[in-house]
Each structure stands twice: as C-alpha cells, then as structure tokens.
Amino acid sequence: VEDPSHKLFVMEVGRDPSKGAPHRLPPTVIPVPAEAAQDFPVSMVVDAKDDVAFLLSKMGFVYMFDIHSGKTMFRTRITQETVFVTCAQSSTGAVFGITVRSGRVLRISLNGDNLVPYIVNTLRDNELAIKVAGRLGLPGAEHLYTQEFERLIGAGQVKEAAALVAGSGAALRTPQTIARFQQIPAQPGAPQPVFQYFSTLLENGKLNEQESIELAKPVLQQGRPQLMEKWLKDDKLHCSEALGDLIMPHDTAMALSVYLRSECHTKAIQCFVQRGEYDKIVPYSTSVGYSMDYSSMLSQLLFNNPQGALDLAKGLVSAEGGPLIDIQATAEAFLSSNRVQETTAFLLEALKDNKEEHAYLQTKLLEINLIGGAPQVADAIMQNGILTHYDRAHVGKLCERAGMWQRAAEHYTDINDIKRVFKNSHQMNPEFVVTYFGKLNREQSIALLKDMMSRGPSNMQVCVEVAKKYHEELGSEELVKVFENAKATEGLYYYLGAVVNFSEDPVVHFKYIQSACMLGQFKEAERVCRDSNIYNPDEVKAYLKNAKLPDPRPLIHVCDRFDFVDELTEYLYLNSLLQYVEVYVTKVSPTKTPQVVGKLFDLGANEDFTKRILMAVGTACPVEEMVEIAETRNRLRMLQPWLEARVATGSTEPGTHNALGKIYIQLNKDPKAFLTNNMFYEPKVLGPFCESLDPSLAFVAYKKGAGECDDELI
C-alpha cells in the first residue's frame, strides 16, 4: 500500500559549496504492507559504507533503501516485537538492534550476492539493478550491463556507453570492452571513442592493469609522458611490470616509480643501475627484503662503470645488519682492475668502524696508497686517526720508503729505526721534531740528540729547541755533554741562555759563562758573573783566568764579589791590563783600592801608575786601611800627593792628617809648624811616631793634646 503519509526524505547537509550542490531527492513513498497501515518508524540507521539506509518500525518491519535513488530495495518483518534501540557497525555496514520484551539482539546486513538478482527478478527494476551492481560491485546484473552496453553502442551513444562501463564495477571492465571502443571509428571533430572511454573511467576512479597499459600505449606514442606522470601522481593508473616496461624507453624515472609501486624488485634495481643510482640499490633491497647476487652485478659494473661499482659496493658493505659482501674479496676485485682510488674509497667505508679484526685490511689500505703512488692519501688517512689496528712497523717502513719521514718516525719504536729516519730531520717540520721527543724516554732522547748533532750544524737549532723544552726531563749535565761532544758551542750557548735565569744548577751557570766567553758574548758573561749566586766562584775564576779574555770584566766581577782581589790585581797587572785596574778601583769597588795598591806594591808596579789610580779614586778610598798597607810596605811617602789632595778638598779625617804628618816629619818638611798648627791629627798617634825621630817634635805633639797626653809628655 502506498500511503502518502509514509515518505522517505533524502538530503545531504554540511556539504562544501565549492564542491557543488548537495545531494537531494524528492520525497519518496514508502511501500507499507496493508496489515501495517498503522505502523510507524522507530529508528533509521545509515550504512555509510554502501550508502544504504535501514528503517525499523514499531511492528518489527525492516526496510532497506538506496540512498542515491530513494527507492526501496527490500522489505520484510524480522520480529513481532519492537526494536527499541539500534546502532551501526561502520566496519561492515551491519545494524544491531535489541527487542523490547525479550531483549533479543538482532544483526541486519546487506546480502550482496542476492541483492541484484532480487531487484531484477522480484522488483523488476533493471535500472536500479544496474546502478546498485555498478556502485557496490555486486554480481547478478552482468547480462543487464551487456544488453544495455550493446544497445548504447548500437545507437552510437559512445559517451553513455562509457559511463555505463564506468558504473558497472568490474562487469564490463574487460579487454573485450576496450577492443570494442578501439574498433569504433572516430567522428569528425570528436576525440577517438577509446579516449572518451578512458577519460570517463579516469573521471570515475582508477584504471585496472589492462586499461592502464592500453591507455599508455597511444599516449606515449604521441610523446605526452606528462599526462602519464599526472595520472600516476593522482593514482589513476594500476602500476604493473608491463606498464613499467612500456614506460622504460621513454622515461626511466617514471618507469622506476611504476616498478617501485608494483613491487617489481628486479626491474626496480635494473632501473637504479641504468640511472646510475647505485647508492640506492642496497637501501631499497634491504627495505623490501629482496636478496640478489650482488657479486655478479659488481663484477659487471667494475668493467663498465667503476664509479657505479664503488657506489654499490659502499652501499652493500654499509647495509643494516652487516655487510652483504665479503670486504676482502671485493677489495681484491677492485685492485685486480688496478682501481686504487676506488679500492681506497671502498675500504674507507668498509673499515670506518675501526675493528681489530680488520687489521690486515687496514694495513692493505695504507699499503696500496703508499706503494701505488698516492702517499698523500695514506698521509691524510693517518692524519685523521680513523684506523688504529694496522701493522705499524710495516707501514712505518713503507712511509720511510715513500720519503714520508715524519709518518715513518711516528710508527717506529726502536731507537735504531728512529735514528735512521731522523737522518732526514732537516726535511721535517721543526715543531714535529720537538714534539716527537716528548714520546721518547730519557735514554732514547739523549741518543737521538747525539746522533742528530753528530750530523753537523743543520740540526743545531732544532736540537736547541728540544733541549730547552725537555731540560728538566733530560738533565742539564747530559744535554751539556751532547753539545760539547758535538763542539756545538753556539748551540750550548743558546740552550743555556734559555734556562740559566731559572736554573739552580751550578753546571748550567758555569757552562753558560764559558760558552758566552768562547763566542765573545762578554756582556752576557759579565751579567751572569755579576748577578748569579749559583755558580762555583773558584771554578769560574780559574776558567776566566786561564781563558785570558780580551775583556776581563767577567773576572773582575767574580773576584770582586768573592774577594779574590789580590789574584785579580796580579792577573790584570801581569797581563798588561792596567786600564782595567783603574776601571775596577774607580767604577766597581773603590773601597778595595787599598788591597789593589798593596798588591801593586808587592808586584813592583810603577809608582806613577799607582799614584794615578789613587788620585783617580780620590776620597772614595778608605784612608786608614790605605795608610796601614803603605806603612807595612814602607811606602807611606808615596801617598803624599793623594793625602794632600784629600786635605785640599777639606778632609778632616784624623787618619788623613796623621798620615800626612808622618810624611812631613820623615821628610823634615817644617814638621813643627804642622804639629803646632794642624787641628785634625791625633797627638797620641804622632807623638809616639816622633819620639824615635825627634823628641822635641814629640813634645809639641803631646802638648797639642791639651792634657790628654800628659803622661806621655812627662
């Protein structure tokens, strides 16, 4: 019974206006059975998966509607009770409901195999059957599709026929259908029917394998690969090995994309090879779990494309889970083709983890470059320090043979090997040489220094730097011997000059003075002799005296500081260095003039010279000590000019006047007037002096004492 009061309303809500008008149908009458005229709906559930709506009524009827047309596809009563609650199962499109009295759980779902035959045979609605079968891909309408397709083709309605096939699901999507469209002649001004067909299919979804191949053929022939690229990007084509093969001659990148999507691993790898993308082969094979004979592929590439073979080999040896090839065998394969550069690059990649088990291969890597004419490569590898397990002695010999003296030295531990390499130390970086000694023990360092110094002055400067840096570790005594044995006075001087100011070793100070004198560096020798408190004065004095230097100032300072004045005076006098005697008493130690003059007296020096230095020293000379020394040697009279000069400067020292009085008394130079008039002499000194010479003069002197010398006077 079609009761106008029971209608189905279908309208799409919430649709984006930019995507077109919303889906909307006019109200459709619901066919309610006569016995259920008073029935009414209690729930409506939509199966979004198949675009089917299920309506359940109070009396237990279920209605199944096609949302696209609003037509009722099926109706039946499933229970005598009311289903009071329902819900949908989105994964299957089924509906679950619970009855009100007994609480039975009902499951309602679409029986796809029987739906289309039911619509055809019971509802006799071929149009609905075709649409539902096509949309849901259900069986049962094949003959209807075929009949309709033939009718449309016969009527020349190509576009409608294509739309029918597109909506038929898989029913008409066959090679035979493609052939039918290919056989239809094109109309003037219109596209070829087969292209109309494929265009309609593309608008409605994705082509199957055969359709994709048949479409690709004419498109590629026309030189329009950009269309293929767009369809692939939009996922409109079914990727297969055959499609990839078809595209390969035209565009390897597109073919590779097809092979990858269709999981044609062998063809994809061949494509990588053809494109020269060898580094991608291993990651791809690993990711898809594909295994192949890489050795044969490498062998082929090695002759045709060595760089490609290298890229592939590096990928194989660095694969996740461990190398996929034998490292040694692969390296030997590269070497057998005389590919040193590729072998090096491969081994660097293979050995980057620096494993002890690869010691032989590490040695081989360095060996092929050192022997093969690329020592700079080996040098760079060793400089980076990425390999540490190779045979160091063997590599050291190879470095030596290649003239890489520094690298060879780094690898040797035996002192004889080290000495041999250091014969070429003049070709080494001085900083390297100095630093290298820090790796040797004391005995090795001394032995190497001796050997280097024995080879002449070319090594002197760097040996000096070594001695300066490792002075404390090697010991000054041994270092001095090294330079002295090599007769390298200059080297010894520069070495000691760097440490003498901080050293407390008497040997260092003495040898520095000695080497400075030997090189004519008298000011340095003088400085140390004057300022140092470390050296042995007797040792230094003896050396300086024996050396007979043209500049005796170093000796002067030693003798002055350590009271060797008599020896100094004798040395200067006997070596005719009289000007330095005057220098000493006038500029160095005027207070020691009495000692100098006394020694000159003993040596029988010329009185004029003695008088001259006394006059030059002047008042700076201690008078009492000078007078005492002159008196003991009966040379007091010689002091007369010096004493008179002191008096003339206003000296009131009793010692000066006592000495001058004695001279006047001895010379009988109006002594009475001196004793009477001089206010500064000491009566107790001159009185006794006069007693033995002239008692009357003694009386005058004692009388001058104003009572202090009464006992002596009486």
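Residues numbered from 1 in each chain as written. Predicted model: local features only at pLDDT ≥ 70, side-chain atom pairs only at ≥ 80, totals over all residues. Heavy atoms only, no water.

### Digging into the pairing of strand E5 (residues 61-66)
Put simply, the rule is: For every residue, the accessible area (1.4 Å probe, protein chains only) is compared with the maximum for its type, and the residue is labelled buried under 20%, exposed over 50%, or partly exposed between those bounds. Secondary structure elements are defined from DSSP: runs of H or I of at least 4 residues count as helices, runs of E of at least 2 residues count as strands, and each element is numbered from the N terminus. When DSSP finds two or more bridges between a pair of strands, those strands are recorded as paired.
With respect to burial, E5 is a largely interior element, six of its six residues being buried. The two faces of E5 match: Phe61, Tyr63 and Phe65 on one face and Val62, Met64 and Asp66 on the other face are all buried. Here five bridges tie strand E4 (residues 52-57) to E5, and the two strands are oriented antiparallel to one another. When the sheet's bridge partners are listed, valine 52 is paired in E5 with aspartate 66. Where E4 folds back on E5, the antiparallel hairpin that results is connected by three residues, among which glycine 60 adopts a positive phi of roughly 95°.

### A few points about the packing of aromatic side chains
This is how the line gets drawn: Each pair of aromatic rings taken from Phe, Tyr and Trp, with Trp reduced to its six-membered ring, is defined by centres within 6.5 Å and is described as stacked if the planes are under 30 degrees apart, edge-to-face if over 60, and tilted in the remaining cases.
On inspection of all chains with the given rule, the structure shows 14 aromatic pairs. Where phenylalanine 432 meets tyrosine 436, the ring centres are 5.7 Å apart and the plane angle is 35°; that geometry is what we call tilted. Here tyrosine 436 and phenylalanine 432 lie together in helix H22 (residues 430-436), a separation of four residues that amounts to about one turn. The class for phenylalanine 432 is buried, based on a relative accessible area of 12%. Ring centres of phenylalanine 483 and tyrosine 495 lie 5.8 Å apart, and the angle between their planes is 15°; on these two criteria the pair is classed as stacked. In this pair, phenylalanine 483 is assigned in helix H26 (residues 476-485) and tyrosine 495 in helix H27 (residues 489-499), connecting sequence segments 12 residues apart. Per residue, the accessibility class of phenylalanine 483 equals that of tyrosine 495, and both read buried. Here the aromatic residues Phe422, Phe432, Tyr436 and Phe437 are joined through ring pairs into a cluster of three or more.

### A word on the sheet that holds strand E8 (residues 94-99)
Paired through their backbone hydrogen bonds, the strands of a sheet run either parallel or antiparallel. Worth spelling out the cut-off: Each axis is a line fitted through C-alpha atoms, and for a helix only the stretch in contact is used; angles between axes span 0 to 180 degrees, taken between their N-to-C directions.
The strand order across the open sheet built from three strands is E7-E8-E9, with neighbouring strands paired in antiparallel fashion. Two strands in the sheet have a free side with no partner beyond their single neighbour: strand E7 (83-89) and strand E9 (105-108). Taking the axes of each pair of neighbouring strands and ignoring which way they run, one obtains an average angle of 25° across the sheet. Pairing between E7 and E8: six bridges, direction antiparallel. Following the sheet pairing, alanine 88 is matched in E8 by valine 95.

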